[in-house]
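Tertiary structure, described
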Amino acid sequence: MKKNKVSINIISSFNHANFVSLLKNSSNFDWEVNEVNYNQVFQTLTNSNAKMWKQRSNVTLIWTTPESISSEFQKLQNKNEANSDIIKKDVDYFCSCIRSIKKYSDIVLVPNWILKQPNETSLAFAYSKGFGLEYNLSFMNYYLSEQLNKEKNLYILNSSKWLLNCGASSAYSSKLWYLTKTPFSNNFFKQVISDLSNLYESIKGLSKKLLILDLDDTLWGGIVGEVGWKNLRIGGHDHLGEAFRDFQIQIKSLKNQGIILALASKNDEITAIEAINSHPEMVLSMEDFVAHRINWEDKAKNIVDIVDELNLGLQSVVFFDDSPFERTRVRATLPEVLVPELPKDPEDYNTFLSKLRCFDKTYITDEDKIRGNLYKSESKRTKLKQQLKSLSDWIKTLDLTIIIENIKNENTPRAVQLLNKTNQMNLSTRRLNEREFNKWVQEDKNNLWTIRAADKFGDYGIVGIFSISIKDNVATLVDFILSCRVVGRYIEETMIEFLKEFCYENNVNKIKGKYKKTEKNSLCYYFFNKLKLIDSNQHSFEFSSNQKKLNLLNIKVKKPTMEKK
Amino acid sequence: MKEIVKRSIEELNELLPKQKELSIEKTTPLVGEKSSLESIDLVNLFVCLEKNLKEKKNHTLTFDEILQNIEHLKTVGSLELFLTKKFENEKK
């Protein structure tokens, strides 16, 4: 499979050759590395004419050691007293340099500071203000995050976590340090690369969305069909029961961050649901699962069914099952699904899950918090759809309301998320960060709207955005984006109708646009093809704002003011 | 010793571009004109060897020992032989 290209600038205060070699050989992305020699940190950050900044990159990684930023800190390593005010000024200067180059890449990553080699100071001195390495290192990191945490598209990475996961003895290599000035081992770098890939996927909206779980010996200890729900091991004064309960607590917290949950279990459905509803120590309830397949069928088939029901792609799915057989079967049949190798001991499940970076997010929107409910409604809608004969009959029963709004500040994070995450119903697949988005929206000629939708099953939240740019009384359709969860409910037709009305009211006669084909947006092609605007030979289109109206069934539409900016 | 050298070369290969990867055969050159390894690659190979010898056999190897005679590093086979002899002698 062809890997996505990601350009990365690397600036570091130590030899990063091994890191770059491992990065180039890593499997997730095709990393295009642009680096400067090590120990050229300030020279590069303060030189806006440096070659590195000539071309905008996806990522800039600025990786330094504390003594390379503050010579005052260096004094501590020689057991001399350091002045924390000077250290603070050094960090301030470093932060101001970072701010000055932020504009040259989509995101900037700054691993926080750890020591370049282990240095166990005297226990009593560690947290002394004047002499303590640990005190001053903590202070530097605290102050770094205070200074930078309000910067958009800039993330401070937790290096201590890599150190902890590797173990200090295998994270550092004194040989590599003395021979090549590389402070960290290749195992350490591999962890960083894995986290970097996951973080980038998360920022680009490629992180996993759906966690499908088995029940017996995965969410609880024991086989419910054999021991009965009262004898399942969850919580209580039981080490294994506590481990399963903690695992459930963590899964519930994932749900609260917008990860949707489903069940795929080989069990008798009534018995399993009775256990979930009746066991007093269960943390998760049936309400937490948007879909379930509890039966004796092939789990791979059940996963496909769940994914279809929720209108998601298999690449969004993570499957947890204690059975190696089921894991192997799903891996072999559905290679797009991520099937982690669960530890043999359930007491390790919780830590294992916490180390999986596939659900990582860089921010949580209001839609994320209620995503489970949105998909639950989606599942009910799909079931109703199956009972009805025609699509239009089905739409009519939904009491669909669509709210079109001019873009507002509070909706910007969600709009940017949709712009960067939506692949299928996306006309141009334009990707912008929040700063670029705001800049574009502020231009007088540009108009952008968000789409909210609700029906009798619940509120979908903001599901789409669309935008035009007007010049010489001609509107160019720039973005036409709708979440695939709601495609096929006449929302897309409503967006077109609104555009026509808006343009007509503002004496804009023509609306033109171009379908930009990607590997994933054929859905968008089908929609514009259905409207007879494009075909396989012709991807540009043009239509009049007073063209005959489309049939919008009985959908209620709330519209904003029709005045252009 | 064969296993330790094999493991170390596999670890080194993780760092090398595909076209430079070493095949794990006795005749594969490590230094000299026929070798494609650069000095940083040799350092990495040495660090991997040192780590694996410590982990698997609790043996210690220093960089100076290995550099005493560059002939030891001529091929994968000569490296294996050098390490086997060195630790056999130490046992005695």
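The text that follows walks through the structure, step by step, so that each part is easy to find.

1. Some details on the overall build of chain B
Scanning chain B from N- to C-terminus turns up four helices and zero strands. Ordering the α and β elements of chain B from the N terminus gives α-α-α-α. Expressed as a percentage of the 92 residues in chain B, the buried residues total 43%. Nonlocal contacts in chain B, meaning residues at least 24 apart in sequence, comprise 59% of its contacts between residues at least 6 apart. A total accessible area of about 5,500 Å² is found for chain B, and carbon and sulfur atoms account for 51% of it.

2. Notes on unusual backbone geometry
Residues and elements named next belong to chain A. For Asn 39, which is not glycine, the phi torsion reads 70 degrees and is therefore positive. Take Asn 39: it is sitting in the loop between β2 (29-35) and α2 (41-45). For Asn 473, which is not glycine, the phi torsion reads 60 degrees and is therefore positive. Note that Asn 473 resides in the loop between β13 (458-471) and β14 (474-482).

3. Side note on the pattern of salt bridges
Residues and elements named next belong to chain A. This structure, assessed with the given rule, holds 43 salt bridges over all chains. Salt-bridge contacts for Lys 255 lead to Asp 288; the nearest nitrogen and oxygen are separated by 3.1 Å. With Lys 255 in helix α12 (residues 239-256) and Asp 288 in the loop between α13 (269-278) and β8 (289-295), the pair connects residues that are 33 residues apart, well separated along the chain. Each member of the pair, Lys 255 together with Asp 288, is buried. The salt bridge involving Arg 327 is made with Glu 341; its shortest N-O contact spans 2.8 Å. Placement of the pair is Arg 327 in helix α15 (residues 324-333) and Glu 341 in the loop between α15 and α16 (349-355), with a sequence separation of 14 residues.

4. A closer look at the sheet that holds strand β6 (residues 210-213) of chain A
Residue and element names in this part refer to chain A. Pairing in this open sheet of four strands is parallel, and the strands run β8-β7-β6-β9 from one edge to the other. Both edges of this open sheet fall to β8 and β9 (317-320), since each of them pairs with a single strand only. Pairs of neighbouring strands in the sheet enclose a mean axial angle of 15 degrees, with direction left out of account. Bridge count between β6 and strand β7 (residues 260-266): four bridges; the pairing is parallel. Each residue of the ladder has a partner; that of Leu 213, found in β7, is Leu 263. Contacts from helix α14 (residues 299-310) reach β6, β7, β8 and β9 within the one sheet, and its direction differs from that of β8 by about 150 degrees.

5. Here's the deal with the pairing of β6 of chain A
For a regular strand, side-chain orientation follows a simple rule: the groups alternate between the two sheet faces. All names here are of chain A. Side-chain alternation along β6 places Leu 210 and Ile 212 on one buried face and Leu 211 and Leu 213 on a second face that is also buried. Sheet topology places β6 next to β9; four bridges connect them, and they run parallel. Each residue of the ladder has a partner; that of Ile 212, found in β9, is Phe 319.

6. Brief notes about the environment of Thr 27 of chain B
As for its position among the elements, Thr 27 of chain B is in the loop between α1 (2-13) and α2 (39-57). As a C-alpha pair, Thr 27 of chain B and Ser 78 of chain B span 51 residues in sequence and 8.6 Å in three-dimensional space.

7. Some points on the sheet that holds strand β3 (residues 57-63) of chain A
Residues and elements named next belong to chain A. The five strands are arranged β2-β1-β3-β4-β5 in an open sheet whose pairing can be described as parallel. Looking along the sheet, the strands with just one partner apiece sit at the ends: β2 and β5 (154-157). Mean inter-strand twist for the sheet, computed between neighbouring axes without regard to direction, equals 25 degrees. Bridge analysis of β3 against strand β4 (residues 105-111) gives four bridges, and the strand direction is parallel. The residue bridging Thr 60 from the neighbouring strand is Val 108, located in β4.

8. Re the packing of aromatic side chains
Residues and elements named next belong to chain A. Tallying each qualifying case throughout the model produces 37 aromatic pairs over all chains. The interplanar angle of 90 degrees and the centroid separation of 6.2 Å between the aromatic rings of Phe 184 and Phe 189 together place this pair among those described as edge-to-face. Each member of the pair, Phe 184 as well as Phe 189, carries the same accessibility label: buried. With 6.0 Å between their ring centres and 5 degrees between their planes, Phe 247 and Phe 320 make a pair best called stacked. Of the two residues, Phe 247 sits in helix α12 while Phe 320 sits in strand β9, which places them 73 residues apart along the sequence. Looking at Phe 247, the relative accessible area reads 0%, which means it is buried. In this arrangement the basic side chain of Arg 430 is found over the ring face of Trp 440, its NZ or CZ atom lying 4.2 Å from the centre.

Conventions used here
Residues numbered from 1 in each chain as written. Chains lettered and ligands numbered in written order. Predicted model: local features only at pLDDT ≥ 70, side-chain atom pairs only at ≥ 80, totals over all residues. Heavy atoms only, no water. Helix = DSSP H or I, 4+ residues; strand = E, 2+ residues; numbered from the N terminus. Buried < 20%, exposed > 50% of the residue type's maximum accessible area, 1.4 Å probe, protein only. Contact = heavy atoms within 4.5 Å. Areas by Shrake-Rupley, 256 points an atom, 1.4 Å probe, with all protein chains shown as cover. Salt bridge = Lys/Arg side-chain N within 4 Å of Asp/Glu carboxyl O. Pairing = 2+ DSSP bridges. Axes fitted to C-alpha atoms, helices over the stretch in contact; angles between N-to-C directions. Phe/Tyr/Trp six-rings, centres within 6.5 Å; stacked < 30°, edge-to-face > 60°. Lys NZ or Arg CZ within 6 Å of the ring centre and 35° of its normal.

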